[in-house]
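Notes for the structure review
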Amino acid sequence: MKINERARLFAESLEKMYPDADCTLDYADPLHLIIATQLAAQCTDARVNTLTPALFKKYPSAKDFAEADIKELESIIRPTGFYRNKAKNIIECCKRLCDTYGGIVPDNMEDLLTLRGVGRKTANLTLGDAFGKGGMVIDTHAGRILRRAGFTESKDPEKIERDTEKLFPRETQSALCHRLVFHGRAICKARKAHCEECAASAYCAHIV
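Attention in this report is confined to the structure presented alongside it.

How each quantity is defined
Residues numbered from 1 in each chain as written. Predicted model: local features only at pLDDT ≥ 70, side-chain atom pairs only at ≥ 80, totals over all residues. Heavy atoms only, no water. Axes fitted to C-alpha atoms, helices over the stretch in contact; angles between N-to-C directions. Helix = DSSP H or I, 4+ residues; strand = E, 2+ residues; numbered from the N terminus. Parallel < 35°, antiparallel > 145°, perpendicular 65-115°, else oblique. Left-handed = near helix turned anticlockwise from the far one by under 90°. Contact = heavy atoms within 4.5 Å. Nonpolar A, V, L, I, M, F, W, Y, C, P; charged D, E, K, R; others polar. Buried < 20%, exposed > 50% of the residue type's maximum accessible area, 1.4 Å probe, protein only. Polar contact = N/O pair within 3.5 Å; in protein donor to acceptor, adjacent residues only side chain to side chain. Phe/Tyr/Trp six-rings, centres within 6.5 Å; stacked < 30°, edge-to-face > 60°. Salt bridge = Lys/Arg side-chain N within 4 Å of Asp/Glu carboxyl O.

Observations concerning the packing of helix α8 (residues 120-130) against helix α11 (residues 170-186)
- Viewed as axis vectors pointing N to C, α8 and α11 meet at an angle of 110°, and their least axial separation amounts to 9 Å. With respect to each other, α8 and α11 are oriented roughly perpendicular. Here the hand of the crossing between α8 and α11 comes out left-handed. Of α11, the residues touching α8 (which contributes N124, L125, G128 and D129) are R170, S174 and H178.
- When the residues that make up the contact of α8 with α11 are grouped by side-chain class, the tally is one nonpolar, four polar and two charged.

Here it is, written out as structure tokens:
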């Protein structure tokens, strides 16, 4: 079986397993998603979701974040960990949004990567979920599963992205990556892959 066909069947199997998989961060617009994603570094999405309603009520726009008192912002986001760096990144990110993009989150990779605290993972997540443009979001779950499945040999997130973006249609990539997260938490775990429970195992190099 050619790798493109195997990739198609693999993705279809995951879709049947996780038809409702979606971003687990709560957000209302691209700015919310970028900030929530930054807060989620080294923190659970569930914990971030407990903080963001009050956070976004206090700072509803990029301008509000850009002008925020850093100590006050730190106190609000402290439960997410690494709060000093996160507060600094958020303020600098929003200052650039205001100074360069009129307070509006850009909808392309090149501009997103100029924002403080935004790497390719956050940029692809934003492009896919907030703008509907797709993109391979390579977190630890996606990287591990895509390697096990034989769609890449790399451990470098950007190389994994390059290896796999040509195997899956762009319009399906965001949903696929959310399913990989669900799958990595439920079945294809870091310590052990529970292949006997996996509907995609027939199309996975871990088996074949």
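Describing helix α2 (residues 30-39)
- Here α2 lies mainly inside the structure; nine of its 10 residues are buried.
- Within α2 the residues assigned to the buried category are L31, H32, L33, I34, I35, A36, T37, Q38 and L39.
- Of the surrounding elements, those touching the buried residues of α2 are α3 (45-58), α4 (62-66), α5 (70-77), α6 (83-101), α7 (109-112) and α8.
- Capping of α2 at its N-terminal end is provided by D29; its side-chain oxygen lies 3.1 Å from the backbone amide nitrogen of L31.

Re the packing of aromatic side chains
- Using the criterion set out here, one finds five aromatic pairs in the structure.
- Centroid distance F10 to F151: 5.3 Å. Interplanar angle 70°. Geometry classified as edge-to-face. Taken together, the residues F10 in helix α1 (residues 3-17) and F151 in the loop between α9 (140-148) and α10 (157-165) connect sequence positions 141 residues apart. Summarising the burial analysis for this pair, F10 and F151 share the class buried.

Overview of the side chain of N49
- Counting through the fold element by element, N49 comes out in helix α3.
- N49 gets classed as buried once you look at its relative accessible area, which sits at 15%.
- Excluding residues that lie within four positions of it along the chain, N49 makes contacts with T24, L25 and D26.

Comments concerning the pattern of salt bridges
- For the structure shown, the criterion picks out 11 salt bridges.
- The residue K58 makes a salt bridge to E72 at a minimum N-O spacing of 3.0 Å. Taken together, the residues span a long stretch of sequence, with K58 in helix α3 and E72 in helix α5 at a distance of 14 residues.
- A single salt-bridge network, built from bridges that share partners, covers E5, R8 and E12.

Brief notes about α9
- Taken across its nine residues, α9 has seven buried, putting it largely inside the fold.
- Taken as a whole, α9 has its buried residues at H141, A142, G143, R144, I145, L146 and R148.
- Lining the buried residues of α9 we find α1, α10 and α11.
- Directly beyond the C-terminal end of α9, a positive phi value near 85° is found at G150.

Some remarks on the environment of L31
- Relative to the elements of secondary structure, L31 occurs in helix α2.
- By relative accessible area, which is 9% here, L31 ends up buried.
- C-alpha of L31 to C-alpha of P106: the two residues are 75 residues apart in sequence and 9.7 Å apart in space.
- Every residue in contact with L31, bar those within four places of it in the chain, is listed here: P60, S61, A62, C94, L97 and V105.

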